[in-house]
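Spelled out, the chains give:
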Amino acid sequence: MAKTKMPKNKTADADVLPPEVRPGQSIELLKALHILTREGKLNQDSRRKLKQVYHLFQFIDKLLQELPTSEQGPTLADHGAGKSYLGFIIYDLFFKALGRGTIYGIETRAELVESSRALAEHLGFERMQFLNLTVAQSAQSEVLPERIDVVTALHACDTATDDAIAFGLQKKARFMVLVPCCQAELAAHLRQNKALNLNRTALAELWRHPLHTREMGSQLTNVLRCLYLEAQGYQVTVTELVGWEHSMKNELILARHTGQKKRVAAERLLALLHEFGLGELAASRFPALPAGLLAGSSDSPEVATGSVASSVIP
Ligand SMILES: C[S@@+](CC[C@H](N)C(=O)[O-])C[C@H]1O[C@@H](n2cnc3c(N)ncnc32)[C@H](O)[C@@H]1O
């Protein structure tokens, strides 16, 4: 599609648009995202959607403003971007006026990557790039710079959030903003070892029923992610994405790089894995943990629970 700069009258004009639309905001974008109707109106559904998007944006906006000024401007990678509405809104509300900085959208579905590229070109959002790659592949891509300031992953499926964390660690991200999706991997392991664990520990009652297996797997996954981030030098805040009530997946994990790697977080992570009979996952899922701790951790729950857990319980 030929690049067309948007004429001035295609950005928000406070006199004729709903008050929720901010001055200078791209009307074309809001229509393309189906937030505004063709007539430039908001219905009840889209008003709620816009409120949600603003709510998430307000977290990211604060982080972007904290970044040190640089010639090339901030870099942000959005993993599992889907239709990239998050990236587009961030670009429109922050990067556009800033005049520098780049947003990268990583997405496996080629047709979504294509449509995002076309929309960015149509809107003249020149510093948005869309890569048809998995999150894991993107960590090796030469298109991306060595360092990325902010990593976002909004409902990136299953282990894509873990890949986004690995990406953020590799790219020395200053901030990571993660809203995890459903997570099946840990639940599958809990299910597999259920009988063994029920014999071993009363704790296994927490995931005996299939519904609890899924919920516990999901909860444990996010707890382990937080500990991993803390062990890698991030300060972690977990909060609720208010306004996302319609979704069960409204946990927002905000990680800020401090450089202080917490050994106790690494120890607790391993202790939890062993308590849940998941010690075998330690090296593959959390490879950046201190080698000494990983080497000392055993696949045998009994051995490991005694050695690791007791060393960290205050
Ligand atoms: C539930 S959608 C969320 C899309 C968007 N972030 C949002 O919140 O609207 C998850 C997206 O992640 C993509 N995805 C899943 N696994 C991925 C992976 N390993 N790497 C990159 N994208 C992935 C899917 O194709 C899908 O578009």
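Residues numbered from 1 in each chain as written. Predicted model: local features only at pLDDT ≥ 70, side-chain atom pairs only at ≥ 80, totals over all residues.

Focus: the confidence of the model for the protein
For the protein, mean pLDDT is 88; residues scoring 70 or higher make up 88% of the total. The low-confidence segment residues 1-9, where pLDDT is below 50, has 12 contacts with residues more than four positions distant or belonging to other chains. Taken as a whole, residues 300-314 scores under 50 in pLDDT and shows 25 contacts with residues more than four places along the chain or in a different chain. (pLDDT = per-residue confidence, 0-100. Contact = placed C-beta atoms within 7 Å.)

So, the sheet that holds strand 7 (residues 251-257)
Overall, mixed pairing links the seven strands, which are arranged 3-2-1-4-5-7-6 in an open sheet. What marks the edges here is a single partner per strand, and that holds for strand 3 (128-131) and strand 6 (234-240). Taking each pair of neighbouring strands and ignoring which way they run, the sheet shows an average axis angle of 15°. In terms of strand pairing, strand 1 (residues 75-79) meets strand 4 (residues 150-154) through four bridges, oriented parallel. Paired with D78 across the strands is T152, a residue of strand 4. On the sheet, helix 3 (residues 85-98) packs against strand 1, strand 2 (102-106), strand 3 and strand 4 and is oriented at approximately 175° with respect to strand 2. (Pairing = 2+ DSSP bridges. Helix = DSSP H or I, 4+ residues; strand = E, 2+ residues; numbered from the N terminus. Axes fitted to C-alpha atoms, helices over the stretch in contact; angles between N-to-C directions.)

Notes on the nonpolar core
Ranked by size, the top nonpolar core spans 81 residues in total, and within it I90, V150, V151, A164 and L269 carry the most contacts. The biggest single contributor to this core is helix 3, with eight residues. Leaving out residues up to four positions away in the same chain, A164 has contacts with H79, V135, V151, A153, A156 and L178. (Core = buried A, V, L, I, M, F, W, Y, C linked by C-beta atoms within 7 Å. Buried ≥ 20, exposed ≤ 12 C-beta atoms within 10 Å, placed from the backbone.)

Regarding the site of the ligand
The immediate surroundings of the ligand are formed by 20 residues, with G80, G82, T134, L154 and C157 found nearest. Put simply, the parts of the chain that give the shell around the ligand at least two residues each are helix 3 and helix 6 (160-170). For the shell around the ligand, the per-class residue count stands at 11 nonpolar, six polar and three charged. (Near = placed C-beta within 6 Å. Nonpolar A, V, L, I, M, F, W, Y, C, P; charged D, E, K, R; others polar.)

Quick notes on the packing of helix 7 (residues 185-192) against helix 9 (residues 210-231)
Running from N to C, helix 7 and helix 9 point in directions that differ by 125°, and their axes come no closer than 8 Å. By the angle class used here, helix 7 and helix 9 are oblique. Where helix 7 crosses over helix 9, the handedness of that crossing is right-handed. For the pair helix 7 and helix 9, the contacting residues are L186, A187, L190 and R191 in the first and T213, R214, M216, G217, S218, L220 and T221 in the second. Here the residues of the contact of helix 7 with helix 9 are counted per class, giving five nonpolar, four polar and two charged. (Parallel < 35°, antiparallel > 145°, perpendicular 65-115°, else oblique. Left-handed = near helix turned anticlockwise from the far one by under 90°.)

Here's the deal with the environment of E280
With respect to the element layout, E280 can be found in the loop between helix 10 (263-275) and helix 11 (282-285). The spatial distance from the C-alpha of E280 to the C-alpha of S297 is 9.0 Å, given a sequence separation of 17 residues.

Some remarks on the pairing of strand 4
Of all the five residues making up strand 4, five are buried; the element is thus mostly covered by neighbouring parts of the structure. The alternating pattern of strand 4 places V150, T152 and L154 on one face and V151 and A153 on the opposite face, and all of these are buried. Judged from the five bridges that link them, strand 4 and strand 5 (residues 175-179) form a sheet pairing that is parallel. Its bridge partner being in strand 5, V151 is matched across the sheet by M176. In this region the chain leaves strand 4, passes through helix 6 and returns to the parallel neighbour strand 5; the handedness of that crossover is right-handed. (Right-handed = clockwise from strand over helix to strand, strands pointing away.)

Considerations on helix 6
When you tally the buried positions in helix 6, you get 10 out of 11 residues, the bulk of the element. Along helix 6, the residues that are buried comprise A160, T161, D162, D163, A164, I165, A166, F167, G168 and L169. In this structure, the buried side of helix 6 is in contact with strand 1, helix 5 (135-138), strand 4, strand 5, helix 9 and helix 11.

Thoughts on helix 10
In this model, helix 10 (13 residues) spans 18 Å end to end at C-alpha, consistent with the 18 Å of a helix rising 1.5 Å per residue. The element helix 10 is extensively covered by neighbouring structure, given that 10 of its 13 residues are classed as buried. Just beyond helix 10, the residue with positive phi is G277, at close to 70°. (Expected span 1.5 Å × (residues − 1).)

Remarks on unusual backbone geometry
Here H34, not a glycine, exhibits a phi torsion of approximately 60°, which is positive. Tracing the chain through its elements places H34 in the loop between helix 1 (27-32) and helix 2 (44-66). Positive phi values are uncommon outside glycine, yet H155 reaches one of about 55°. Inspection of the secondary structure assignment puts H155 in the loop between strand 4 and helix 6.

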